[in-house]
Each structure stands twice: as structure tokens, then as C-alpha cells.
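Structure at a glance
One letter stands for each residue in the lines below.
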Amino acid sequence: MSGATQSDRRFLLKLDLCSGVPVYRQIIDQVLGGISAGSLKPGDQLPTVRQLAVDLAINPNTVVRAYRELEIRDVLATQQGTGTFITDNKPAKNDIEHQRRIAQLAGELLARAGAEGITLPQLLDYFNELQSEQNRRT
């Protein structure tokens, strides 16, 4: 089961409940990704905890946990009575977080590929071909 919400016309949040990644972590990753991609900008308002929980059909505590972690990282600021907003601060990228994200993406890719009958050696061959093409272009 998957849900989606839109904080503005450019940013769409989607959950993959089959990925094995905790829902709160998916929210965090997608907000950080939206900031990095520029689809979420400083001052943009996110849905309220209640609204996001309803839109995604999840427990509000899950949204609270995600928002709280993003506030600790100084990426979000909640203003009582007005809402939750993206701050001017860029998310700090550290090596541990970067490696965790790589592992998550690789795991998701392998799980989806396996469901399609695609093996790891087939994926590696394809990536090696892509790398060769890229090297030829440069």
C-alpha cells in the first residue's frame, strides 16, 4: 500500500511499504532529497503532521519522528500555529549518512531486480557498460 501527498506543486512524497526501509526514514530521505534537488526550497511549508499522516495513511507519531529528526538537523523549523517550514540551512552530508543511503538504494535496486528475475551479475554487466560509455564520452 502506498500513499502520496503534495506540499506544493513540485514535491510529491511517496512511500514504498515493501522496501524494508522504515517509513519515518523514507520521509526524511525524501525531504532531504527534495531539498537537494531544489523541489523544496527555504520557506516552503510542509503538510501538518496530521495532514501528512492522513494523506499517507500512517500513524501521526511516524511523521512526528521524521519531522523531529529533521528539526534536530536544523533542516525544518516548526512555528506553533503556523506550520513546519524548510529552513535556509543546507543539510549536512556526512560519510556515514552517504554510505547508508548508498546501501539503501542498492538494496532496493537488488530487491526490485530480483523480483523481475534480474541477477546481480546482469546488473553489474549493465553498469560496466554504462561506465564504459561514459568513459568514451569524456
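Please read these numbers as outputs of a predicted model, since none were measured by experiment. (Residues numbered from 1 in each chain as written. Predicted model: local features only at pLDDT ≥ 70, side-chain atom pairs only at ≥ 80, totals over all residues. Heavy atoms only, no water.)

1. What to know about the overall build of the protein
Helix and strand content of the protein: 5 helices and 5 strands. Scanning the protein from its N terminus toward the C terminus, one meets helices and strands in the order β-β-α-β-α-α-β-β-α-α. Sorting the 138 residues of the protein into buried and exposed places 31% on the buried side. Sequence separation of at least 24 residues holds for 54% of the intrachain contacts in the protein that already meet a minimum separation of 6. Just so you have it, the protein exposes about 9,200 Å², and 54% of that area is on carbon and sulfur atoms. (Helix = DSSP H or I, 4+ residues; strand = E, 2+ residues; numbered from the N terminus. Buried < 20%, exposed > 50% of the residue type's maximum accessible area, 1.4 Å probe, protein only. Contact = heavy atoms within 4.5 Å. Areas by Shrake-Rupley, 256 points an atom, 1.4 Å probe, with all protein chains shown as cover.)

2. With respect to the environment of T62
Topologically, T62 is positioned in helix 3 (residues 60-72). Spatially, the C-alpha atoms of T62 and Y24 are 5.4 Å apart, while their sequence positions differ by 38 residues. Not counting residues up to four positions away in its chain, the partners in contact with T62 are V23 and Y24.

3. Some details on unusual backbone geometry
With phi around 55°, A57 is a residue other than glycine that occupies positive phi space. With respect to the element layout, A57 can be found in the loop between helix 2 (49-56) and helix 3. Residue D74 is not a glycine yet carries a positive backbone phi of 65°. Take D74: it is sitting in the loop between helix 3 and strand 4 (76-79). Accessibility expressed as a relative area gives 39% for D74, which makes it partly exposed.

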